[in-house]
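Residue-level listing of the chains:
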Amino acid sequence: MNAAVRAFVRRGWELGLAPIGIRRGYAGLIEGDMAPLTPRDVGGVIEYGGTFLHTARCPAFLTEQGRRKALETIEREKLAALVVIGGEGSLKGACWLSEQGIKVIGLPASIDNDIKGTDMAIGVDTALNTVVWALNRIRDTALAHERVFLVEVMGRKSGYIALMGGIAGGAEIVLVPEVEVGLDQVAEEVSAGYRKGKHHSIVVVAEGVTERLGPTREIARFIREKTGLEVRVTVLGHLQRGGSPTAYDRILGSRLGARAAEDVAAGRFGHMVALQRGELTAVPLSQVGRKEPAIDLGLYRLAHSLGK
Ligand code: F6P
């Protein structure tokens, strides 16, 4: 997200805009927590993950009072336009603001890659590379001890990180919320791998799966009892949401941020700047929602045939 803010500020200045940074997302908009940003203010931020403006889950923005306050801030501070960087929830908020007559542009950012209308979102590639980095290390110890590892990754509703991380990291099995699989089948597939000569098994579990199958450590206990194999669990958690962004993410963020500045300067609003087949395009905010399913089911089948 830092790359996107930096690009917006620098391209915006070039086009005669006066960018302002709102701290902590909608929370800062409600409270009026903001400051002008010059090209020098965004120096050096491109190599850092997260966002130097901070961010927040903001339940207040879901209330009528919170939304009224946000509109008051926009009027009081004479904000000519608003650029919202975030996931499906943030972009829904952007759509609501647009419906109230505010000039809004959305930029997609969610490591779950579940935003409808864009092939990629800011942060996805960096998170995936972190998962692959972790799987490489886990495989070394799994192989040495001939163990089964369950690796829980983020994705409460989306199996994208689990699936793509699993393919890139060479996992044996990938469990995603979009596809229902029973525990017996998982245990049988793990056993089958050992019978065919494998010395380890890596099962990538998307966080959302645990709502149906129970906590990952319970899935591990089941597999241990069914197969007699040694099973360990690693939960990657929030380390997937930080770290120096990959080149891909920096370039994507830069392109999206710069396009947002160009759209503001040209008076184009009410859309999310999206990436489709490598090209930037505008998707009306009213059409932005959750991608369902968030994964390509063909790639899901590929992951399992490659893990055999
Ligand atoms: O943005 C979505 C997500 O990355 C989910 O995959 C994950 O479960 C969630 O965020 C975690 O959110 P929080 O950091 O607020 O617990």
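Please read all numbers here as calculations on a predicted model, not as lab measurements.

What is the right way to look at the sheet that holds strand β4 (residues 104-108) in this model?
Adjacent strands of a sheet form backbone hydrogen bonds with each other and so pair up, either parallel or antiparallel. If you walk across this open sheet you meet the four strands as β3-β4-β9-β10, and the pairing is mixed. Both outer strands of the open sheet, β3 (82-86) and β10 (279-284), are each paired with one neighbouring strand and no more. Each strand of the sheet is rotated relative to its neighbour by a mean of 30°, with strand direction disregarded. In the packing of helix α4 (residues 88-99) onto the sheet, contacts are made with β3, β4 and β9 (271-276), and the angle to β3 comes to roughly 160°.

What am I meant to see in the site of the ligand here?
What surrounds the ligand is the set Arg57, Ile111, Asp112, Met154, Gly155, Arg156, Glu207, His238 and Arg241. Within the side chain of Asp112, a nitrogen or oxygen atom sits 2.8 Å from an oxygen atom of the ligand. His238 is positioned with one of its side-chain polar atoms (N or O) 2.7 Å from an oxygen atom of the ligand. Contact with the protein chains removes 76% of the 400 Å² of surface that the ligand exposes when unbound. Residue assignment places the shell around the ligand across two domains, with domain 1 (2-123 + 245-287) and domain 2 (127-241) each supplying three or more.

Is there a simple way to think about the packing of aromatic side chains in this case?
Summed over all chains, the structure comprises two aromatic pairs. Pairing Tyr26 with Phe61 gives two aromatic rings, centres 3.9 Å apart and planes at 0°, and the pair type is stacked. In this pair, Tyr26 is assigned in helix α2 (residues 25-31) and Phe61 in the loop between β2 (34-36) and α3 (64-76), connecting sequence segments 35 residues apart. For the pair formed by Tyr26 and Phe61, the shared burial category is buried. The ring of Phe61 carries the charged tip of Arg67 above its face, separated from the ring centre by 5.0 Å.

For this particular structure, what's the right way to read the domain arrangement of the chain?
Much of the literature gives interface size as the accessible area that the parts lose upon coming together. The domain architecture assigned to the chain consists of domain 1 (2-123 + 245-287) and domain 2 (127-241). In this structure, domain 1 and domain 2 have C-alpha centres spaced 35 Å apart. Contacts between domain 1 and domain 2 engage eight residues on the former and nine residues on the latter. Summing both partners gives a buried area of about 700 Å² for domain 1 against domain 2, and 55% of it is carried by carbon and sulfur. Broken down residue by residue, the surface that domain 1 buries against domain 2 is led by Ile111, Asp112 and Asn113, which jointly contribute 61%. Run the count over domain 1 and domain 2 and you get zero salt bridges.

The rules behind these values
Residues numbered from 1 in each chain as written. Predicted model: local features only at pLDDT ≥ 70, side-chain atom pairs only at ≥ 80, totals over all residues. Heavy atoms only, no water. Pairing = 2+ DSSP bridges. Helix = DSSP H or I, 4+ residues; strand = E, 2+ residues; numbered from the N terminus. Axes fitted to C-alpha atoms, helices over the stretch in contact; angles between N-to-C directions. Contact = heavy atoms within 4.5 Å. Near = heavy atom within 4 Å. Polar contact = N/O pair within 3.5 Å; in protein donor to acceptor, adjacent residues only side chain to side chain. Areas by Shrake-Rupley, 256 points an atom, 1.4 Å probe, with all protein chains shown as cover. Domains from an automatic or database assignment. Phe/Tyr/Trp six-rings, centres within 6.5 Å; stacked < 30°, edge-to-face > 60°. Buried < 20%, exposed > 50% of the residue type's maximum accessible area, 1.4 Å probe, protein only. Lys NZ or Arg CZ within 6 Å of the ring centre and 35° of its normal. Buried area = accessible area lost by both parts, 1.4 Å probe. Salt bridge = Lys/Arg side-chain N within 4 Å of Asp/Glu carboxyl O.

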